[in-house]
Amino acid sequence: MSTVIERPEKPVDDLPIDEEVITDSVDAVLSMELSTSTREDIDGKTMAMTGHLNLLLAEELGADEDPNVKALFHEAYRHLDLKGRPSKDTPAFSAFSYMRQTAFLTRRFLDVYEKRSGTGVS
């Protein structure tokens, strides 16, 4: 029995973004309907979208060279501000709307990421 902890070959920060997982998550969120979604589903998907968006925000996407990308970063940071996030007391419609907006922002960031990295989900 070994007590040595194995380390990944690459540091976690160097691992590539899983574009397919993010695309599938965004598609799942955007296919949801308020009338058939529970608040638990909305909150769970919102956390997943926020996680994906934060991963993309940590990437070098050329905001210093491209004013459109810079504006997108500002929009995302405003959106993710804790004061604007839904709480447990937020009505379901508002939480659902926030979830969808997070998914749209994530999709826009993924598009920028794919263009900069030369990749793309086929």
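This text goes with the structure placed above it.
Predicted model, so just to flag it, every value in this text is computed and none were measured.

A. How the structure looks around the packing of aromatic side chains. Inspection of every chain in the model, using the stated rule, returns two aromatic pairs. Plain terms: the ring middles of F73 and Y77 are 6.2 Å apart, the flat faces sit at 40° to each other, and that makes the pair tilted. Of the two residues, F73 and Y77 are both situated in helix α3 (residues 67-80); the distance of four residues between them amounts to about one turn of the helix. Classification of F73 as buried rests on a relative accessible area of 11%. Residues F73 and F109 carry aromatic rings whose centres are separated by 5.0 Å and whose planes lie at 85° to one another, so their mutual orientation is edge-to-face.

B. Broad picture of the pattern of salt bridges. Using the criterion set out here, one finds four salt bridges in the structure. One salt bridge connects R107 with D27, and the closest N-O pair in it is separated by 2.5 Å. Of this pair, R107 sits in helix α4 (residues 92-117) while D27 is found in helix α1 (residues 19-30), placing the two residues 80 residues apart along the sequence. With a closest N to O distance of 3.9 Å, R116 and E65 form a salt bridge. Here R116, found in helix α4, pairs with E65, found in the loop between α2 (39-57) and α3; they are 51 residues apart in sequence, far enough to count as distant. Judged by relative accessible area, which is 47%, R116 ranks as partly exposed.

C. How the structure looks around the side chain of T102. Position of T102 among the secondary structure elements: in helix α4. For T102, a relative accessible area of 0% gives the class buried. Setting aside chain neighbours within four positions, we find T102 in contact with M49, T50, L53 and H79.

D. Structural context of the side chain of H52. Within the secondary structure layout, H52 lies in helix α2. Excluding residues that lie within four positions of it along the chain, H52 makes contacts with V21, I22, S25 and T106.

E. Quick look at the environment of F104. Turning to its location among the elements, F104 is positioned in helix α4. For the pair F104 and M49, spaced 55 residues apart in sequence, the C-alpha separation works out to 9.5 Å.

F. Representation of the packing of α2 against α4 within the structure. Packing of α2 against α4 leaves a shortest axis separation of 9 Å and a crossing angle of 25°. Considering the angle they form, α2 stands roughly parallel to α4. Between α2 and α4 the crossing geometry is left-handed. Contacts between α2 and α4 pair R39, I42, K45, T46, M49, T50, H52, L53, L56 and L57 from the former with A92, A95, F96, Y98, M99, T102, A103, L105, T106, F109, L110 and Y113 from the latter. Its residues assigned to classes, the contact of α2 with α4 shows 15 nonpolar, five polar and two charged.

Cut-offs used in this document
- Residues numbered from 1 in each chain as written.
- Predicted model: local features only at pLDDT ≥ 70, side-chain atom pairs only at ≥ 80, totals over all residues.
- Heavy atoms only, no water.
- Phe/Tyr/Trp six-rings, centres within 6.5 Å; stacked < 30°, edge-to-face > 60°.
- Helix = DSSP H or I, 4+ residues; strand = E, 2+ residues; numbered from the N terminus.
- Buried < 20%, exposed > 50% of the residue type's maximum accessible area, 1.4 Å probe, protein only.
- Salt bridge = Lys/Arg side-chain N within 4 Å of Asp/Glu carboxyl O.
- Contact = heavy atoms within 4.5 Å.
- Axes fitted to C-alpha atoms, helices over the stretch in contact; angles between N-to-C directions.
- Parallel < 35°, antiparallel > 145°, perpendicular 65-115°, else oblique.
- Left-handed = near helix turned anticlockwise from the far one by under 90°.
- Nonpolar A, V, L, I, M, F, W, Y, C, P; charged D, E, K, R; others polar.

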